[in-house]
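# Examination of the molecular architecture
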Amino acid sequence: MGKTLTIVLTAGSQENQDAALAVGLAEAAIRRGHRANIFLYGNGCNLANQEAPFGGPLGIRQNLQEHLDAQKLGQRLTGLAQRGAQVVTCHTTEYARGTEGLAYLPGVQRGDVGHAFTDLLVGSDVLIGLGR
Amino acid sequence: MIESVCAVLTRPRGEEKSVLGLRLAWATHMAGLGTSLLCLEDGVYNLLPGPGYPVEMLLNFIKESGRTLAVASSLAQRNLDPSQLVEGVEVIEEAEVAGLMEDHQAALFF
């Protein structure tokens, strides 16, 4: 029987590779028959929302845009949720960033550290923190 | 089931990371999980008295019997004396940190 891994992620996708590592680790755990959860905390909550594309000309060089797009993780987070992962965000850290109330990516759940996170721990065998 | 957590603060007061660690320690402690709050490196600055939410959170954690520790060498390197810290902080040697980690099922660094 597989184990349940919960990752506390405190980094967004652009500042370093910790978020990519967290998502990759969760994907690998699921591939190996385990369960995985991600709690988006601090800057990690920047991953929670759907994108709001700008309607006009971007003014970003193509190679820079490709570089930035390659680091986005929204589709992979939604994919994790589709494979049974609980992806929960801390609404307080969203509030601090003015993003609370924006639409979530499919599969992302609104939560908090006091209840949603501790509930995840009750069902977890392994807890890892990632984010500088 | 994760039943114990050691929240390790390495960042000083004024950075969001330290508040995230305090909030998480408070949440797990109040949820009944065995919780310790370990402050080392610049994290020891969180243990100084002062105004505002972070210190209130720390004092509440200690008041509710949350175990709060500081590493002696981190204090000494910053010319801080244990007598300057808020009441209720246990000062340990660096060599004792490994044992503290062994006492918990998980450690999260902030």
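I will try to describe carefully the structure that is included in this document. Sequence order as written defines residue numbering, which begins from 1 separately in each chain. By the order in which they are written, chains take letters starting at A while ligands take numbers starting at 1. Per-residue local features of the predicted model are confined to residues with pLDDT of at least 70, and side-chain atom pairs are confined, for both listing and counting, to 80 or more; whole-chain, interface and lining totals are unaffected and use all residues.

### A look at the packing of helix 1 (residues 16–30) of chain B against helix 2 (residues 53–63) of chain B
Residues and elements named next belong to chain B. Helix axes use the C-alpha atoms of the stretch in contact, all axes being lines fitted to C-alpha atoms, and the angles between their N-to-C directions lie in the range 0 to 180 degrees. The numbering of helices and of strands both runs from the N terminus, where a helix is a DSSP run of H or I of at least 4 residues and a strand a run of E of at least 2. Here helix 1 crosses helix 2 at 30 degrees, and the two axes come no closer than 10 Å. As far as their axial angle goes, helix 2 and helix 1 are roughly parallel. The hand of the helix 1/helix 2 crossing is left-handed. Counting all contacts with helix 1, which are made through S18, V19, L22, R23, A25, W26 and H29, the residues of helix 2 involved are P54, M57, L58, N60 and F61. Only Asp, Glu, Lys and Arg are considered charged, only Ala, Val, Leu, Ile, Met, Phe, Trp, Tyr, Cys and Pro nonpolar, and every remaining residue, Gly among them, polar. Residues belonging to the contact of helix 1 with helix 2 are distributed by class as follows: 8 nonpolar, 3 polar and 1 charged. Here is the rule for angles: anything less than 35 degrees is roughly parallel, anything more than 145 is roughly antiparallel, 65 through 115 is roughly perpendicular, and the remaining ranges are oblique. Take the far helix as the reference: if the near one is turned anticlockwise from it by less than a right angle, the crossing is left-handed, and if turned clockwise, right-handed. With C-beta atoms placed from the backbone, a contact is any residue pair whose C-beta atoms sit within 7 Å.

### Topic: the packing of helix 5 (residues 113–122) of chain A against helix 1 of chain B
With their axes 9 Å apart at the nearest point, helix 5 of chain A and helix 1 of chain B run at an angle of 65 degrees to one another. By the angle between their axes, helix 5 of chain A is roughly perpendicular relative to helix 1 of chain B. Of the two possible hands of crossing, helix 5 of chain A and helix 1 of chain B adopt the one that is right-handed. On helix 1 of chain B, the residues that touch V113(A), G114(A), F117(A) and T118(A) of helix 5 of chain A are R23(B), L24(B), A27(B) and T28(B). When grouped by side-chain class, the residues that make up the contact of helix 5 of chain A with helix 1 of chain B number 4 nonpolar, 3 polar and 1 charged.

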